[in-house]
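Observations on the model geometry
As a plain string of letters, each chain reads:
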Amino acid sequence: MTTMPSTGPMPNPPSASAMYRPHRPSSAISFQGARTLALTSTPGSGAPDTLYWADVRAWAAEGAAILDFAPRGDGGSPITNYEYSTDNGSTWTPLSPAQTTPPLAIGGLAPGVAVQLSLRAVNAAGPSNPGSRQTSVTPVDTQAARFVAVNPTRLLDTRAGAAAAPLPPGGVTFVDMPGSMPASATSVAVNVTITGQTGWGYASVGPGSAPAADYTRTSLINWQTPGRTFANATTVALAQAGQPALGDLFVYNGSNGSAHVIVDLIGYYAAAADVPDATVFVPVEPTRVYSSRTSGGKLGDGQQRLVDVSGGGVVPERATAVAYNLTVAESTGPGHLAVAAGGQLLPPTSVINWAAGQRVANSSSTQVSAGRRITVFGSGAPTHFLVDVVGYFIAAADLPPGVTGAEYRALPPTRVYDSRVVLDPPLAGGPSGLLGEPRTTDMRFGGLLPDTALAVAANVTAAYASGQGLLTTAPATAAVPPGTSLLNWESGQSTVANASVLGTGDCRVKFWAAGFSEAPYLVDVGGYYDALP
């Protein structure tokens, strides 16, 4: 790992390497995208207007680049296609088949090799001026990988150790994975916690090989209240092999104050040949398998509860782990919960944190006991909690008849949807605070996902909600909402996020909102679960 000057003390806990460097912070959920306007010129016979490259967002895909932008004026004649150049305009290649609406997919690019792209629009009168700027993107080579759950392990805690210090505003810290992970590991499941922050803003996480410009393109955690603890579990790609990197992962503090960062390892994805007990994933429609409101009551400090997550057969007997969403509600003070396989001891990590009266959700994965049970440990004020299962992990040889498993393919974090950018209205609850009308969001984003994707690893953010509410999701093929929730927010808690596995129907996901509020929403995809051949 290369080194660089630090702007302050360098946290260096066991099993992690960390350092930070300054970077200019930007808005916590800034408008990451470009399709804000679609300008049309006065009817005429000219070529399309010049495309402003400052508005173009380039995202890396498998052997391809996805370009998103606001179309400019069409010169009075409809745009019939776009052309791109990789040699600064010496030669131009038309998109085939023709594409007329962003985002655009440019395929056939070499993975791991940075390419400078120029783009121009074409109509009946000819091509537009491409402008004087280019955009750079490094396509990726996604590798099919299977999941290995581990006992929760703390990789980084900037509060601990002789060099303990918070991450400064605009600072980035790099985290290395344990040496016991195989070299074929492509991504990791981690829980990231922000605490002790002195300002407001956001944190982002991504592969350690990402350029600094990527730190501000997506967000994982958003906060408006100094001093409150926030957690979000996510699956994130590791540094690309052969690319310069300061660590396996980066964590960026995009706030106007300092913040402590905690990173806990939950599991990893690696080549099946290297890890014989690795498992494939099976998404299920979100299913509520437990609610303390109807069984057991609130969980108090120092208490633990054994929870059956089988869901009446939703999770089969030979499953080894589950992907779940955990929600806490009606707490009387601050606290946190930890989760482990049924019958296991209290782990040295937490899954979810809350303040008094706060309703909050966090999605994660955990091993299960042979009886498909997990243990939930309480710490702090008593709270109700709910568990929703969104999928399970199982050995490919143990898949139930007729069930298709999936392997994970990691991608750099990519913002596939922002309702503010495309000028969609906010997602709103229905009459009397019930669920409103669903909205279907396409996760393919011009070619980011193949048609064989069964689910996506996505971070969903509700931004600037106007009042109390919730958001739920299901595959686009679902006829009715699932009776679960993905995001919950209180009045005055204007921006919340939760990273989860979203099952897809035809690579699309339905979103519903409920409550007495409206909320724009954003979706950042970090990878997808591809059906086994």
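As the structure is a computational prediction, the values presented were derived from the model and not from experiment.

Rules and cut-offs
Residues numbered from 1 in each chain as written. Predicted model: local features only at pLDDT ≥ 70, side-chain atom pairs only at ≥ 80, totals over all residues. Heavy atoms only, no water. Pairing = 2+ DSSP bridges. Helix = DSSP H or I, 4+ residues; strand = E, 2+ residues; numbered from the N terminus. Axes fitted to C-alpha atoms, helices over the stretch in contact; angles between N-to-C directions. Phe/Tyr/Trp six-rings, centres within 6.5 Å; stacked < 30°, edge-to-face > 60°. Buried < 20%, exposed > 50% of the residue type's maximum accessible area, 1.4 Å probe, protein only. Core = buried A, V, L, I, M, F, W, Y, C linked by side-chain atoms within 4.5 Å. Contact = heavy atoms within 4.5 Å. pLDDT = per-residue confidence, 0-100. Salt bridge = Lys/Arg side-chain N within 4 Å of Asp/Glu carboxyl O. Polar contact = N/O pair within 3.5 Å; in protein donor to acceptor, adjacent residues only side chain to side chain.

Some thoughts on the sheet that holds strand β5 (residues 104-106)
Overall, antiparallel pairing links the 3 strands, which are arranged β1-β2-β5 in an open sheet. The open sheet has two edge strands with one neighbour each: β1 (57-61) and β5. Put simply, the sheet's adjacent strands are angled 25° from each other on average, direction ignored. Looking at chain direction, β1 and strand β2 (residues 64-68) are connected through 5 bridges and run antiparallel. Residue A61 lies in a different strand from β2, and its bridge partner there is A64.

Some points on the packing of aromatic side chains
Considering all chains together, one arrives at 14 aromatic pairs under this definition. Both rings, one in Y215 and one in F250, keep their centres 4.5 Å apart while their planes meet at 50°; by these two values the pair is tilted. Highlighted residues: Y215 in the loop between β12 (201-207) and β13 (221-223) and F250 in strand β15 (residues 249-253), separated in sequence by 35 residues. Among the residues examined, Y215 registers a relative accessible area of 0% and is labelled buried. An aromatic cluster is defined as three or more aromatic residues linked by ring pairs; in this entry it consists of F147, Y269, F281, F393, Y408 and Y529.

Considerations on the nonpolar core
Ranked by internal contacts, the top residues of the largest apolar core, which has 53 residues, are M443, L471, F511, V523 and V525. Here the element with the most residues in this core is strand β28 (residues 453-462); it accounts for 5 residues. Apart from residues lying up to four places away in sequence, L471 is in contact with L427, V460, S485, L486, L487, W489, F511, W512, A513 and Y521. By size, the runner-up hydrophobic cluster in this structure holds 31 residues, among which are V175, A185, V261 and V263.

Examining the sheet that holds strand β21 (residues 352-354)
Spatially, the 4 strands line up as an open sheet ordered β18-β23-β20-β21, and their pairing is antiparallel. Two strands bound the open sheet, and with one partner strand each, they are β18 (304-308) and β21. The sheet shows a mean angle of 25° between the axes of neighbouring strands, taken without regard to direction. Here 3 bridges tie strand β20 (residues 335-341) to β21, and the two strands are oriented antiparallel to one another. Paired with L337 across the bridge in β21 is I352.

Re the confidence of the model for the protein chain
Mean pLDDT over the protein chain: 88, with 90% of residues reaching 70 or higher. Counting interchain partners and residues more than four positions distant, the pLDDT-below-50 stretch residues 1-44 has 145 contacts.

What about the environment of F230?
Mapped onto the elements, F230 comes out in strand β14 (residues 230-237). Given the relative accessible area of 12%, F230 is considered buried. Sequence spacing of F230 and I194 is 36 residues, and the spatial spacing of their C-alpha atoms is 5.3 Å. Setting aside anything within four residues of it in sequence, one finds F230 in contact with V192, T193, I194, Q197, I221, N222, W223, T225 and Q358.

Observations concerning unusual backbone geometry
The amide bond that connects S96 to the next residue, P97, takes the cis arrangement and shows omega of 0°. Examined against the element boundaries, P97 turns out to sit in the loop between β4 (93-94) and β5. A cis geometry characterises the amide bond from P102 onward to P103, with omega recorded as 5°. Structurally, the position occupied by P103 is in the loop between β4 and β5. Even without a glycine there, the phi angle at D506 is positive, about 55°.

Some remarks on the pattern of salt bridges
In total, this model carries 15 salt bridges according to the counting rule given. With its nearest N and O atoms 3.9 Å apart, the salt bridge here joins D157 to R154. Residue R154 is classed as partly exposed on the basis of its relative accessible area, which comes to 27%. In this structure, the salt-bridge partner of D506 is R508, at a minimum N-O distance of 3.9 Å. A residue is classified by how much of its surface remains accessible, and R508, at 28% relative accessible area, is partly exposed.

A closer look at the pairing of strand β27 (residues 439-442)
The alternating pattern of β27 places R439 and T441 on a buried face and T440 and D442 on a face that is not buried. As paired strands, β27 and strand β32 (residues 508-515) are joined by 4 bridges and run antiparallel to one another. By the bridge assignment, R439 is partnered in β32 with F511.

Observations concerning the side chain of S369
For S369, the location among the structural elements is in the loop between β22 (360-367) and β23 (373-380). By relative accessible area, S369 is classed as buried at 18%. Beyond its immediate sequence surroundings of up to four residues, S369 is in contact with A341 and G342.

Comments concerning the side chain of N488
When you line up the elements, N488 lands in strand β30 (residues 487-489). On the accessibility criterion, N488 (5% relative accessible area) is buried. Within the structure, the side chain of N488 is placed 3.3 Å from the side chain of S485, a separation counted as a polar contact.

Some points on the pairing of strand β29 (residues 469-475)
With respect to burial, β29 is a largely interior element, 6 of its 7 residues being buried. For β29 and β30, the ladder comprises 3 bridges, and the chain directions are antiparallel. If you follow L471 over to β30, its bridge partner there is L487.

Digging into the environment of V150
On the secondary structure map, V150 appears in strand β9 (residues 146-157). Note: C-alpha distance between V150 and L265 (115 residues apart in sequence) is 7.7 Å. Once you skip the residues sitting within four places of it in the chain, V150 turns out to touch L265, I266, G267, Y268 and Q367.

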